[in-house]
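The chain contents come next:
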Amino acid sequence: MKLTEWLFGSQPTQLKLADTGYGSAKIGMPQAAPLDTSLESLLKYSRRSELVYACIEKKAQSACDAEVCVEVQTKDGEWEQVPNHPLVNLLNKPNPWDDGESFIRSWIASENFSDTFYAEIVKSGSGVPVGLYPLNPVNLHPQYNSYGQLMFYYYYVNGRVIQYQVDELLRRHRHS
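## Quick word on the sheet that holds strand β6 (residues 129-135)
Part 1 of the argument: An order of β6-β5-β10 is seen for the three strands of this open sheet, with the pairing classed as antiparallel. Each edge of the sheet is formed by a strand with only one pairing partner; in this case those strands are β6 and β10 (169-173). Averaged over all neighbouring strand pairs, the angle between strand axes comes to 25°, with direction disregarded.
Part 2 of the argument: Each of β5 (116-123), β6 and β10 is contacted by helix α5 (residues 100-114), which is oriented at about 140° to β5, the strand it contacts most.

## Some points on the side chain of Asp98
Part 1 of the argument: Along the chain, Asp98 falls in the loop between α4 (86-92) and α5.
Part 2 of the argument: The charged side chain of Asp98 is buried without a salt bridge, its nearest counter-charge being Lys93 at 7.8 Å.
Part 3 of the argument: Residue contacts for Asp98: discarding those within four places in its chain leaves Lys93, Phe103 and Pro134.

## Thoughts on unusual backbone geometry
Part 1 of the argument: Phi at Asn84 takes a positive value of approximately 55°, unusual for a residue other than glycine.
Part 2 of the argument: Its place among the elements puts Asn84 in the loop between β4 (79-81) and α4.
Part 3 of the argument: Positive phi, close to 65°, is recorded for Asp115, a residue that is not glycine.
Part 4 of the argument: When its relative accessible area of 27% is taken as the criterion, Asp115 is described as partly exposed.

## Brief notes about the packing of aromatic side chains
Part 1 of the argument: Taken as a whole and judged by the stated rule, the model has eight aromatic pairs.
Part 2 of the argument: Ring geometry for Phe103 versus Trp107: centroids 6.0 Å apart, planes at 90°, classification edge-to-face. Here Trp107 and Phe103 lie together in helix α5, a separation of four residues that amounts to about one turn. As far as the burial class goes, Phe103 and Trp107 line up, both buried.
Part 3 of the argument: Three or more aromatic residues joined by ring pairs form one cluster here, namely Phe103, Trp107 and Phe117.

## Some thoughts on the pattern of salt bridges
Part 1 of the argument: Counted under the stated rule, the structure contains three salt bridges.
Part 2 of the argument: Glu101 serves as the salt-bridge partner of Arg105, at 3.2 Å between the closest nitrogen and oxygen. In this pair, Arg105 and Glu101 are both assigned in helix α5, four residues apart and thus about one turn of the helix distant.
Part 3 of the argument: According to the relative accessible area criterion, Glu101 is partly exposed, its value standing at 41%.
Part 4 of the argument: Of the charged contacts, one joins Arg172 and Glu111 as a salt bridge, the two residues approaching to 3.0 Å between their closest N and O atoms. In this pair, Arg172 sits in strand β10 while Glu111 sits in helix α5, placing the two residues 61 residues apart along the sequence.
Part 5 of the argument: Put simply, Glu57, Glu101 and Arg105 are held in one network by salt bridges that share partners.

## Some remarks on the sheet that holds strand β9 (residues 160-165)
Part 1 of the argument: With antiparallel pairing, three strands are arranged side by side in an open sheet as β7-β8-β9. Where the open sheet ends on each side, the last strands, each with one partner, are β7 (140-144) and β9. Looking at each pair of strands side by side, their axes are set apart by 30° on average, direction ignored.
Part 2 of the argument: Two elements, β7 and strand β8 (residues 150-157), share five bridges in a ladder whose sense is antiparallel.

Here is what the cut-offs are and how they apply
Residues numbered from 1 in each chain as written. Predicted model: local features only at pLDDT ≥ 70, side-chain atom pairs only at ≥ 80, totals over all residues. Heavy atoms only, no water. Pairing = 2+ DSSP bridges. Helix = DSSP H or I, 4+ residues; strand = E, 2+ residues; numbered from the N terminus. Axes fitted to C-alpha atoms, helices over the stretch in contact; angles between N-to-C directions. Contact = heavy atoms within 4.5 Å. Buried < 20%, exposed > 50% of the residue type's maximum accessible area, 1.4 Å probe, protein only. Lys, Arg positive; Asp, Glu negative; His and termini not counted. Salt bridge = Lys/Arg side-chain N within 4 Å of Asp/Glu carboxyl O. Phe/Tyr/Trp six-rings, centres within 6.5 Å; stacked < 30°, edge-to-face > 60°.

So this is what it looks like as structure tokens:
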């Protein structure tokens, strides 16, 4: 691929003389098309660009180096680690297909291209979370009522539509 094709597309850019109205002329270049910043295009760009992918991969690798633990504050103000907490077990094995590292990598990648991360929360009969399944934020569409309050989400996948209530999703919004 030629550099001009990469910059301007396959058609050559035509430069035209524009009259400034003061007896002189200048060369005008056509305006570039606006950059598409939809979630679909950002996901595509993040997967195609080696530099972007390497940065996201390095962030994910660094995030996986940390040990997940739950701590509680004691009466004297010190923090003490809680052994065998169910949240730690859930994050280390969120579902049958992911381990803790792949789940965190999905989380970091999602936050970096869309500023959001969503995961379906699977609960036991007693209401305790027992599974987390990462969702593609490109396919998730929030639905609001007439007052602007979030009611539920539609998730479009493989030609099917799944409706999630707000409390059925783990949601993390990165404010950058």
